[in-house]
Amino acid sequence: MRYAWTKAHTKHLVRMLGAVLGVSVRGYYSWRRREPSKHALEDARLLRQIKRIQVDNREAFGTVRVWHRLRRQGEHCGVNRVQRLRQIHAIQTERRHRYMQ
């Protein structure tokens, strides 16, 4: 998190920002060169599927229904992981109102 903030504000001296945030310059540049982890790549793939499920179902599915759909498609993931990805990326169920006459 600190490295990402430092990267966003690179117009300032990295050394000064590193001292303020408590990170080393070497650690920052090492972090920039690092490849995404296997877990991060898997999250990105899973997120694409979650978004597709939401669009296909008119954004009417909550976390549990999305998770059940993923399980039926052969994905092995937990409901908490689906919930975390939905929260981080602000994927919400669109509430539809029923009107009484």
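Before reading on, note that the structure itself is shown above.
Residues numbered from 1 in each chain as written. Predicted model: local features only at pLDDT ≥ 70, side-chain atom pairs only at ≥ 80, totals over all residues. Heavy atoms only, no water.

**Quick look at the overall build of the protein**
Step number 1: A count of helical and extended segments in the protein gives six helices and zero strands.
Step number 2: Out of the 101 residues belonging to the protein, those deemed buried represent 26%.
Step number 3: Partitioning the intrachain contacts of the protein with sequence separation of at least 6 by distance along the chain shows that 47% fall at a separation of at least 24.
Step number 4: Accessible surface for the protein amounts to roughly 8,300 Å². Of this, 52% is attributable to carbon and sulfur atoms. (Helix = DSSP H or I, 4+ residues; strand = E, 2+ residues; numbered from the N terminus. Buried < 20%, exposed > 50% of the residue type's maximum accessible area, 1.4 Å probe, protein only. Contact = heavy atoms within 4.5 Å. Areas by Shrake-Rupley, 256 points an atom, 1.4 Å probe, with all protein chains shown as cover.)

**Brief notes about the pattern of salt bridges**
Where charged atoms from two side chains of opposite charge come close, those side chains can pair.
Step number 1: In the structure shown here, the tally under the stated rule is five salt bridges.
Step number 2: Note that aspartate 43 and arginine 84 form a salt bridge whose closest N and O atoms lie 3.1 Å from each other. One end of the pair, aspartate 43, is in helix 4 (residues 38-56); the other, arginine 84, is in helix 6 (residues 79-88), with 41 residues separating them in the sequence.
Step number 3: Taking the relative accessible area as the measure of exposure, aspartate 43 reaches 10% and is therefore buried.
Step number 4: Residue arginine 52 is joined to aspartate 56 by a salt bridge in which the shortest nitrogen-to-oxygen separation is 3.9 Å. (Salt bridge = Lys/Arg side-chain N within 4 Å of Asp/Glu carboxyl O.)

**Overview of the packing of aromatic side chains**
Step number 1: Within the structure shown, the criterion is met by two aromatic pairs.
Step number 2: A ring pair is formed by tyrosine 28 and tyrosine 29, whose centres lie 5.0 Å apart and whose planes are at 70°; its orientation type is edge-to-face.
Step number 3: Taking the relative accessible area as the measure of exposure, tyrosine 28 reaches 1% and is therefore buried.
Step number 4: Take tyrosine 29: its relative accessible area is 35%, and that puts it in the partly exposed class.
Step number 5: Ring pairs connect the aromatic residues Tyr28, Tyr29 and Trp31, which therefore count as one cluster. (Phe/Tyr/Trp six-rings, centres within 6.5 Å; stacked < 30°, edge-to-face > 60°.)

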